[in-house]
Every structure is written in structure tokens, then in C-alpha cells.
Amino acid sequence: MPPDAIARLEALATAAMRLVRSAPTGRVVLARLHEAIDPAWLVDSRGQALARELADAHERACQPLKARDVERVLRDAWDAKPSAELDELDLAAPVAVTPIAQVHRGVREGAPVAVKVLRPGLPRSLRADLALLDVLALPLAVAAPALEVPALLAEVRERLSEELDLEHERDVQRGMHRSFRDHPDLLIPAPIGALTHEYVLVSEWVAGTPVLEASGADAARAARRVVRFAFGAPTLGLAHADLVPGNLLVADDGRLAIVDFGAARAADPARLDAARALLAAVGARDGEALGVALGRLGALPPGDGPAVLALARAVLATHLQGSSRLDADAVVAAGERLGAQAKAAAPLVDRARLNPADLWPLRGVASALGTAARIGAQEDWLALARDALATGP
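This one's a predicted model, so the numbers in the text were calculated from it and none came from an experiment.

K.L.:
What is the right way to read the overall build of the chain from this model?
P.N.:
When helices and strands are tallied, the chain shows 17 helices and 13 strands. On C-alpha atoms alone, the chain measures out to a radius of gyration of 21 Å, which is about the 21 Å that the 2.2 N^0.38 rule sets for 393 residues. Oriented by its inertia axes, the alpha-carbon framework of the chain measures out at about 65 × 45 × 40 Å. In the chain, which comprises 393 residues, the share counted as buried stands at 48%. Across the chain, the fraction of contacts at a sequence separation of at least 24, relative to all contacts at a separation of at least 6, is 68%. As displayed, the chain offers around 18,000 Å² of accessible surface, 55% of which is attributable to carbon and sulfur atoms. Side chains of the chain give 44 positive and 51 negative charges; the mean places of these two sets differ by 2 Å.

Following this line, the structure appears as C-alpha cells:
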């Protein structure tokens, strides 16, 4: 990559890490990156140092809440003792502890439920820190001159604010539960609206195995299903942006359960046709058609289609040519090939634009493919994605 392009990207990365490290809630950001990134992908010395930093942030951000603090949040939300709403509640042993929330098992009207509680004070702190995103405006504009930076930063602020509102998550989850109520492969637990509050979400309990602990055919099916969901859910009007392993279970009945819907946004139907055309052009190795699709999306000038196709085929190699194995080795190899193609990529980066409406869908696709790579599975990934966009999840 030309030296000036490298310098611009390094300046952006440095500014982003400086912001994260200095912000009061920066540890949460780093901890969530740890949940999305496999340390095996970070092979050089800088990558290994980053992996250690992310792991340390995750450990510190995921200290369990004290039982009395959880009970206080529930009392404030329900204006009553937890025992007035639940038959049982195990406060001593949370079933999940994340950087932003904690989950406990309870029983309501004889049925098990999952009780999710946001960390006290975190929503207010993180929303205040979102104002600091403006620090990235200049380095981001320099690194990618064609981007509409203010609109992208506004999108990030709005989506992250929604992610910290469990009433918003309840509404998204309820809609997805209804859409997938009878689905043979996917399970979305129903939220219990009467007990949901801005800082508390109660849902049906899902008995199952964490996706990274599944093995054999169960693991392979989970990898395929999460990728299919990422590409297919937008056809139902929703883009899920956080399909990381911690949000996925292989349910006891064999279905893939998705248990967190905080990071989501409405999908723009008008952009789905262009996305279908883009994948079809890649499959057909048609650079001109790919350029047309990129132009419809506003991502690049149509004339860049052949160059984008050549770059994609050089970096993704066998993953665009039928069945291939997606695992940590494949991710590392793709990264190395991208480095070798940096000179060809630089002018495309300079001209690339990103519609804010595409930011969360792209995050969702990346997280789903990352989860599939952490599981390790063989599939015709391009064909799977094309079919999901055509027929749904």
C-alpha cells in the first residue's frame, strides 16, 4: 500500500485506540471486541499484544454484579420485591456475565425465565461517551475521503443508544419471535413484556449448549444457520449486528437459539435488490455487473467493478469458488492475501462510500462469518448467502 495510505490508516487506528483507552467506558468497548475476535486471528506481535489487552479488558469488565445490586435494579424496575413477580430467582450464580449486562435464571408461573439486567450506571456513562466520537471525524475523513463521516457517526450513536435500551430490545425480539415461532432451524425466545423495563428484560428460558462448546454435526449446522440468519433476516426487515458466540446457543431440540437482540436495526428493503445483484455478479465473475450493483448501493463508481472483483477473488480465493472450510487458518490466510493486495486496494478505499443504513447489516454479516470461522465449518458460503437473501432465513 502506498506510504501515505498506510500512514492515514495507522493514524485512524491510533486515534480510535486512544479514544477507547481514554473514555470512561472504553473498557466495555475493548471487552466486546474480545467477544467478537478470536485471538488465533492475531498472529503477529502487534496482534498478540492487542489480544492480551482485549482479554484483560474483558476480564475486568465482566466482574459479576453483587446480588444486592441486581436486586436493587429489579426493585426499581418493578416497584416491588423480585419475589412478588417471580416464583424463584437465583441471584447467587448468574448464568451469563457480559460487559454490559448480567443474566440470572428465574421461574415465573412455573416456567423458567432468563432475567437480563443492565449494569447500573452504564447506559448513562456510555451515552455520555458517545459525544467523544467526534474525535474520530478528522482521521476517518482523511483515511477514507469519500465517506460521509457525520452521517456515519450519527448512525453509530443512535444504534448504540438503542442497544442500551432493553425496552427497544424487547420490541425487536418480540417481532423476531413471532416471525420464527414455527421455524425448524432457529429459535427466538419470547420476551415477557410485563416484566421488561429500560434496564431489565425477561424472556423465555432456552436450555442449550453455548455454540462454541457444540461439536460435530451440531456445530457445523450452527455455523451455517448463523450465516444464513445474518443474510436472510434483512428480508424480514431486521439486520442483527451482533451475532457473536455469546449470543448463540444450540438448543436442546437442535435449533440454533439467538438470545440477544440489542444490536439491531430496521433493514432497508430498497437496498436488498442491489445486495442480491452484487452477490450474483460475484458468483458469475461479472465485473461490469458488480460495478452496476456497487453503483446502486452508492459504494463505488460503477467503473470500479472489475477491480473490486479481482481484489475479492485474490483475497477470498476458494471461498468464492464453491465449498470451502471457514476457520481460523482461513481468516489468517485471507488477511495475509489482503496485505499482499494492499496497493490495489488503496485507490478503492479512497473512493469508497458507506451508506449509514448499511453499517449495522455489514457488522452483522462480519460477526456471523467470524462466529462460523470460530466454530470451523465447510460450506459453499457464497451460495448460502445468495440463497438466504433470495428466500429468507
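Once the structure has been displayed, the description carries forward.
K.L.:
Is there a simple way to explain the pairing of strand β4 (residues 111–118) in this structure?
P.N.:
Within a regular strand, side chains alternate between the sheet's two faces. Within β4, six of the eight residues are buried, which leaves it mostly tucked inside the rest of the structure. Here strand β3 (residues 101–108) runs beside β4; their pairing, made up of eight bridges, is antiparallel. Pairing of Gly-106 across the sheet is with Val-113, part of β4. Hairpin connection of β3 to β4: two residues between the antiparallel strands, including Glu-109 at a positive phi of 50 degrees. In terms of strand pairing, β4 meets strand β6 (residues 200–204) through five bridges, oriented antiparallel.

K.L.:
Which parts of the structure should I look at to understand the packing of aromatic side chains?
P.N.:
Ring pairs (aromatic) are described by centroid distance and by the angle formed between their planes. For the coordinates displayed, the defined rule picks out one aromatic pair. Seen from their ring centres, Phe-180 and Phe-229 are 5.7 Å apart, and the 50 degrees between their planes marks the pair as tilted. With Phe-180 in the loop between α9 (166–179) and β5 (186–187) and Phe-229 in helix α10 (residues 216–232), the pair connects residues that are 49 residues apart, well separated along the chain. The burial state of Phe-180 is the same as that of Phe-229; both residues are buried. Arg-105 extends its terminal NZ or CZ atom over the ring of Trp-205, reaching a point 5.3 Å from the ring centre. Arg-363 extends its terminal NZ or CZ atom over the ring of Trp-360, reaching a point 4.8 Å from the ring centre.

K.L.:
Help me out: how do you make sense of the nonpolar core in this one?
P.N.:
In a soluble, globular protein the nonpolar side chains are often hidden away together inside. Judged by nonpolar contacts, the single largest core of 60 residues is most densely connected at Phe-229, Phe-231, Leu-243, Phe-261, Leu-278, Leu-290 and Trp-381. Residue contributions to this core peak at eight residues, all from α10. If sequence neighbours within four positions are ignored, Phe-229 has contacts with Met-176, Phe-180, Leu-186, Pro-234, His-240, Leu-243, Ile-258, Phe-261 and Pro-393.

K.L.:
Sorry if this is basic, but what is going on with the packing of helix α11 (residues 269–284) against helix α12 (residues 287–297) here?
P.N.:
For any two helices packed against each other, the geometry is given by the interaxial angle and the distance between the axes. Two elements in contact, α11 and α12, have axes separated by 8 Å at closest approach and are oriented at 160 degrees. Comparing the axis directions of α11 and α12 gives the class roughly antiparallel. The handedness of the crossing between α11 and α12 is left-handed. Across the interface between the two elements, Arg-271, Asp-273, Ala-274, Ala-275, Ala-277, Leu-278, Ala-281 and Val-282 from α11 touch Ala-289, Leu-290, Ala-293, Leu-294, Arg-296 and Leu-297 from α12. Here the residues of the contact of α11 with α12 are counted per class, giving 11 nonpolar, no polar and three charged.

K.L.:
For this particular structure, what's the right way to read the side chain of His-104?
P.N.:
Topologically, His-104 is positioned in strand β3. Polar side-chain contacts of His-104 include one of 2.8 Å to the backbone oxygen of Asp-90. Apart from residues lying up to four places away in sequence, His-104 is in contact with Val-70, Leu-89, Asp-90, Leu-91, Ala-93, Pro-94, Val-95, Val-113, Ala-114 and Val-115.

K.L.:
Mind showing me how you'd approach the sheet that holds strand β9 (residues 248–251) here?
P.N.:
One key point about sheets: their strands pair by backbone hydrogen bonds, in either a parallel or an antiparallel sense. Pairing within the open sheet is mixed, and its four strands lie in the order β5-β10-β9-β7. Every interior strand has two partners, whereas the edge strands, β5 and β7 (208–210), have only one. For β7 and β9, the ladder comprises three bridges, and the chain directions are antiparallel. Within β9, the position partnered with Gly-208 by the bridge is Ala-251. Relative to the sheet, α10 contacts β5, β9 and β10 (256–258), its axis offset from that of β10 by approximately 45 degrees.

K.L.:
It is not clear to me how unusual backbone geometry should be interpreted in this structure. Could you clarify?
P.N.:
Negative phi characterises most residues that are not glycine, and trans characterises most peptide bonds. In this structure, Arg-285 is a non-glycine residue whose phi angle is positive, near 55 degrees. One can find Arg-285 in the loop between α11 and α12. A positive phi angle, near 50 degrees, is found at Ala-317, a position not held by glycine.

Here is what the cut-offs are and how they apply
Residues numbered from 1 in each chain as written. Predicted model: local features only at pLDDT ≥ 70, side-chain atom pairs only at ≥ 80, totals over all residues. Heavy atoms only, no water. Helix = DSSP H or I, 4+ residues; strand = E, 2+ residues; numbered from the N terminus. Rg over C-alpha atoms; globule rule 2.2 N^0.38 Å. Buried < 20%, exposed > 50% of the residue type's maximum accessible area, 1.4 Å probe, protein only. Contact = heavy atoms within 4.5 Å. Areas by Shrake-Rupley, 256 points an atom, 1.4 Å probe, with all protein chains shown as cover. Lys, Arg positive; Asp, Glu negative; His and termini not counted. Charge placed at Lys NZ, Arg CZ, Asp CG, Glu CD. Pairing = 2+ DSSP bridges. Phe/Tyr/Trp six-rings, centres within 6.5 Å; stacked < 30°, edge-to-face > 60°. Lys NZ or Arg CZ within 6 Å of the ring centre and 35° of its normal. Core = buried A, V, L, I, M, F, W, Y, C linked by side-chain atoms within 4.5 Å. Axes fitted to C-alpha atoms, helices over the stretch in contact; angles between N-to-C directions. Parallel < 35°, antiparallel > 145°, perpendicular 65-115°, else oblique. Left-handed = near helix turned anticlockwise from the far one by under 90°. Nonpolar A, V, L, I, M, F, W, Y, C, P; charged D, E, K, R; others polar. Polar contact = N/O pair within 3.5 Å; in protein donor to acceptor, adjacent residues only side chain to side chain.

That is the geometry; function is a separate question.
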